[in-house]
Structure formats: structure tokens, C-alpha cells
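Observations on the model geometry
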Amino acid sequence: MNLLNYVKPTFYSPSFHFFRPFSLWSMRKDPDLESALSRNRRWIVNNQLKNIILRCPNQIAPIKFLQKKFKTLDLQGKALNWLRKYPCCFEVYLENDEYYCQLTKRMRSLIDEEESAKDMQDPVIAERLTKLLMLSLNKRLNIVKLNELKRNFGFPDDYLIRIVPNFSERFRIVNYSGRRCSMEIELLSWDQSLAVSTIETLAQRQNIEPCFSCSLPITWVKSWDKFREFNETPYISPYLDPIGLVEGSKEMEKRTVGLVHELLSLTLWKKVSIVKLGHFRREFGLPEKLNVLLLKHPGIFYVSNKYQIYTVLLKEGYNGSELVNKDPLVSVKEKFGVLMQEGLHEYNRRHHLLNLEKKKLQGILVKKTERIKDRSCQMFEEDGDGDGVIKQRGGLLDTEERKRHDEGELQSLYKK
């Protein structure tokens, strides 16, 4: 099976258009995993709107201000219409001829629950950050780059002043170049108890040798054969120093696949943007053509271009469209999703009732016009005597009499 359809960039004249190889990736779509990605899309947008509102004065945002933010969220249309779709999450009101938005009481309650869950998760987040630094080659990670993936790993917005100082024996912030964008988090002490990958932990529980699991249809015979051949070589822990491994060798490939597997295992939703992951190529020693590596192992990874965002998912992390193991933060965030769906259902129900009312009104108008027509017809029939006689200004004349009358008038005119 050809997993990668690569076409060289083509230039057209008179204007030149460059087509990136990204758009030419191909992987057979998995309906369940695609469903999981589409379900998260609305949640991500509304979660970003929630964070924007929380940062506003008194946690109240003018709709005009949110409308400007819509472009950064890749949304089109009016912000007012979007917010009204989720009345259980956002409360929209009019004041001094201007619309404002604030969070509902139920939404605020969920935010409080999320904050308490984060407080309890501080040791877990510190452990997750430690493992990330242990996976890096220099035991340091750029803060600007890490901020792009902080939500994937469940880090709070204030993790630099909340987690790092409270675990000063593990981390410190350094800046060796002196530039502001070069600030890094550095690991101070190696914890051997944490240098165990997810695959190794599962192997210890099952008392077997560490190996990858494969999720592929039985009919994919060639892919299964390639996976078995790949899995026959010994597993190489991503926490081991890669010095000595030759670039492009089977051992290096095995180590890199294990590294990406471990990084995805540390995320909340077992998925990450491939572009953002590629930003850490130097820090984690990832290959330049990361997409080639991912598409080479369809039994372990699933690559999707849903919403034109190239995302890699860990297949073993999902059972159908649901996560196998849910982090406590994910459980709280799923409640937000339920509240969002409830509001959307309420919005759709109201619109359905409004449409019914409109149709009823239209039906009443149609009936009224029909009644008016019926009445006019009735009056026409009542004015006649049943034999085609119609009232005229000059008296009652039937059709034959009218003909004779007209003929007499014409003859009199000719005589004149």
C-alpha cells in the first residue's frame, strides 16, 4: 500500500503558486477517530472564548471585541450568532445599545471545578514536565515552543510561576543566549523511576517483552507484514541516550517511533499537531521528514488532516471514538462539552419552535386569503339568480338580452 503520495512542488506562470507536500499526505480515513477530532473542534473554540472572557475586566466582554478575536480562532460569521448557539455557556445581554457577553453560573461552576482539579494535579503535571525534559537531548526545552503545546499536556497558563518554583529541586528557568525568546526550562535532577515508557510499564504488568501494539484491518496484509518485521527488533527506550545510533538505521527508527509514542502518551487526548511537534525537531532529535515516519506506521499512528490541521493520534489510546484512559482534567472538560451540547440543543429547539410559529402564521395568512376569495365567490353567486343573470347599473340583463341590446345599438349607429 502506498502510504505517501508525494508530488514535487509545481510552479505556474504568470503567478507562481507553491504547493506544500503537507497537502499531499494520504492515509485511509478512520470514521471513529475522525469523529473524535470533529467533536473536539467546537469545544476547543468555545474553550478559547471562555479564556478570553475570563481575562476581560469583570469577566465581561463586548461582542465587538470578541468579533475581532474571531479571525484568530479561524471562525467566520458574527460572534453574536455563535455565542447565542450556546446559551448554557454564554450569557448575552444588551446594554446602552451595545451587546455584551459573560459566562453563565453553570459555566463558572465548571471553571471552579476545573481549577480545583488542576490544584490536585500539580504533582502529576510536575512529573509530566519532568518526563518531557528527560526525553529531550539537552534536558532543556524552549518556553515559547512549549507554550504552543501546554494545553495538550494539561499545563495551566501559569505553570511557569505555579509549577516551576514549587519544584525548584527539579526545574529552573535559564537563558544562555540573553534573548527573551530563548528562555528555557532546564532539568536539574534525573529521576530514574520516571525513565520508564508507557510501553515498558504495560510490558511489566503483562510480564512480556516491550513491544508496540498494532491496530489495522485484517485485510491490510502487506502493512501487517511490515509491522511484524518492524516489531521483531528489540524495543529501544526513548529515555536512553541515542548517542551511537546511526541516522537512518533501523535502531534509530525504532527509537524515534518509541519517542513519538511516548510524547503522545503524555498528552491528555493522545494527539498533537504535527506542525507543532515538528518545532521540537532539534530538542527531541526528530527526523526532518516526520510525516514520512508517521505514515510508515499506520498501525501505531493515525494521521488526519481534519479542518486542514495535520494531527497525529495514538491509535491504542482510543477505543472507537472514546479515550481508553481519561485524565481527571479531561473528565472535567468533557462536562463542559456536555453543557455546550445542551445549550446547542436548546438553541436548536427554540429555532425549531420559531420556525413552526412562522409556518403557522404563514398558514393563517394563506387561510385568510382563501376565505376572502371564498367570500368574493359567494357574493358573486348570491348576486346572480342562478341562470347567469348579473346585476348591472341599468338593470338585470342576461347574456342573450345584452347581445341583442348591443346589436341594436350598432345598427342605430350605422343608420345615423
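Everything here concerns the structure above.
Read on for an overview of the structure. (Residues numbered from 1 in each chain as written. Predicted model: local features only at pLDDT ≥ 70, side-chain atom pairs only at ≥ 80, totals over all residues. Heavy atoms only, no water.)

1. Describing the pattern of salt bridges
A full pass over the atoms with the stated rule returns 20 salt bridges. For Glu184, the salt bridge goes to Arg140, with nearest N and O atoms at 3.0 Å. In this pair, Glu184 is assigned in strand β6 (residues 184–187) and Arg140 in strand β4 (residues 140–142), connecting sequence segments 44 residues apart. Taking the relative accessible area as the measure of exposure, Glu184 reaches 17% and is therefore buried. The residue Arg228 makes a salt bridge to Asp225 at a minimum N-O spacing of 3.4 Å. Linking Arg228 with Asp225, this pair stays in helix α9 (residues 221–232), spanning three residues, or about one helical turn. On the basis of relative accessible area, Arg228 is assigned to the partly exposed category, the value being 46%. The exposure class of Asp225 is partly exposed, given its relative accessible area of 43%. Via salt bridges that share partners, Lys50, Glu114, Glu115, Lys118 and Lys333 belong to a single interconnected network. (Salt bridge = Lys/Arg side-chain N within 4 Å of Asp/Glu carboxyl O. Helix = DSSP H or I, 4+ residues; strand = E, 2+ residues; numbered from the N terminus. Buried < 20%, exposed > 50% of the residue type's maximum accessible area, 1.4 Å probe, protein only.)

2. Some words on the environment of Glu186
Structurally, Glu186 is set in strand β6. Exposure remark for Glu186: the relative accessible area of 10% places this residue in the buried category. Setting aside residues up to four positions removed in sequence, Glu186 forms contacts with Leu133, Lys139, Arg140, Arg170, Phe171, Arg172, Val174 and Tyr176. Within polar-contact distance, the side chain of Glu186 engages the side chain of Arg172 at 2.7 Å. Within the structure, Glu186 has its side chain in polar contact with the side chain of Tyr176 (distance 3.2 Å). (Contact = heavy atoms within 4.5 Å. Polar contact = N/O pair within 3.5 Å; in protein donor to acceptor, adjacent residues only side chain to side chain.)

3. Details of the side chain of Glu184
Here Arg140 takes part through its side chain, which lies 3.0 Å from a polar atom of the side chain of Glu184. Ignoring any residue separated from it by four or fewer positions in sequence, one finds Glu184 in contact with Arg140, Leu141, Asn142, Ile143, Arg172, Ile173, Val174 and Tyr176.

4. With respect to the packing of helix α5 (residues 122–135) against helix α10 (residues 250–266)
It is the contact of α5 with α10, at a shortest axis distance of 11 Å, that shows an interaxial angle of 165°. As the angle between them shows, α5 and α10 are arranged roughly antiparallel. Between α5 and α10 lies a crossing of left-handed hand. Here Arg128, Lys131, Leu132 and Leu135 of α5 lie close against α10, whose contacting residues are Arg255, Leu259, Glu262, Leu263 and Leu266. In terms of residue class, the contact of α5 with α10 is made up of five nonpolar, no polar and four charged. (Axes fitted to C-alpha atoms, helices over the stretch in contact; angles between N-to-C directions. Parallel < 35°, antiparallel > 145°, perpendicular 65-115°, else oblique. Left-handed = near helix turned anticlockwise from the far one by under 90°. Nonpolar A, V, L, I, M, F, W, Y, C, P; charged D, E, K, R; others polar.)

5. A few points about helix α8 (residues 198–206)
Of all the positions in α8, only Ile199, Glu200 and Ala203 are classed as buried. On an axial view of α8, the arc spanned by its buried residues comes to 95°, and they lie on one face. Turned more than 90 degrees away from the buried face of α8, the exposed residues are Gln204 and Arg205. Next to the buried residues of α8 lie α10. Two residues or fewer after α8 comes Asn207, characterised by a positive phi angle close to 55°. (Arc of directions from axis to C-beta.)

6. What about the packing of α9 against α10?
Orientation of α9 relative to α10, taken along the N-to-C sense of each, is 100°, at an axis distance of 10 Å. Looking at the two axes, α9 sits roughly perpendicular to α10. Along its contact with α9, which presents Glu229, Phe230, Asn231 and Glu232, the element α10 presents Lys250, Glu253, Lys254 and Val257. Residue composition of the contact of α9 with α10, by class: two nonpolar, one polar and five charged.

7. Side note on the sheet that holds strand β3 (residues 98–103)
Reading across the sheet, the three strands line up as β1-β3-β2 and stay open at both edges, with antiparallel pairing between neighbours. Sheet topology places β1 (60–62) and β2 (90–95) at the edges, where each strand pairs with a single neighbour. Here the average twist between neighbouring strands, direction ignored, is 30°. As paired elements, β1 and β3 share three bridges and run antiparallel to each other. Bridge pairing links Ala61 to Cys101 in β3. (Pairing = 2+ DSSP bridges.)

8. Brief notes about the nonpolar core
Membership of the largest hydrophobic core comes to 96 residues, with the highest contact counts inside it found for Leu66 and Phe171. Considering every element that reaches this core, the biggest residue donor is helix α1 (residues 31–54), with eight residues. Ignoring anything within four residues of it in the chain, the contact list for Leu66 reads Leu49, Ile52, Ile53, Ala61, Ala79, Leu83 and Cys101. (Core = buried A, V, L, I, M, F, W, Y, C linked by side-chain atoms within 4.5 Å.)

9. Let's talk about the pairing of β6
If a strand is regular, its side chains alternate between the two faces of the sheet. Covered by surrounding structure in β6 are Glu184 and Glu186 together with Ile185 and Leu187, the residues of both alternating faces. Note: β4 against β6, three bridges, orientation antiparallel. When the sheet's bridge partners are listed, Arg140 is paired in β6 with Glu186. Where strand β5 (residues 171–174) meets β6, four bridges bridge the pair, whose relative direction is antiparallel. Its bridge partner lying in β6, Ile173 is registered against Ile185.

10. Let's talk about the environment of Gly317
Position of Gly317 relative to the elements: it lies in the loop between β9 (311–314) and β10 (318–319). For the pair Gly317 and Lys271, spaced 46 residues apart in sequence, the C-alpha to C-alpha distance is 9.0 Å. Ignoring sequence-local partners within four residues, the contact set of Gly317 consists of Lys270, Glu322, Leu323 and Val324.

11. Notes on the environment of Glu200
Mapped onto the elements, Glu200 comes out in helix α8. Exposure remark for Glu200: the relative accessible area of 18% places this residue in the buried category.

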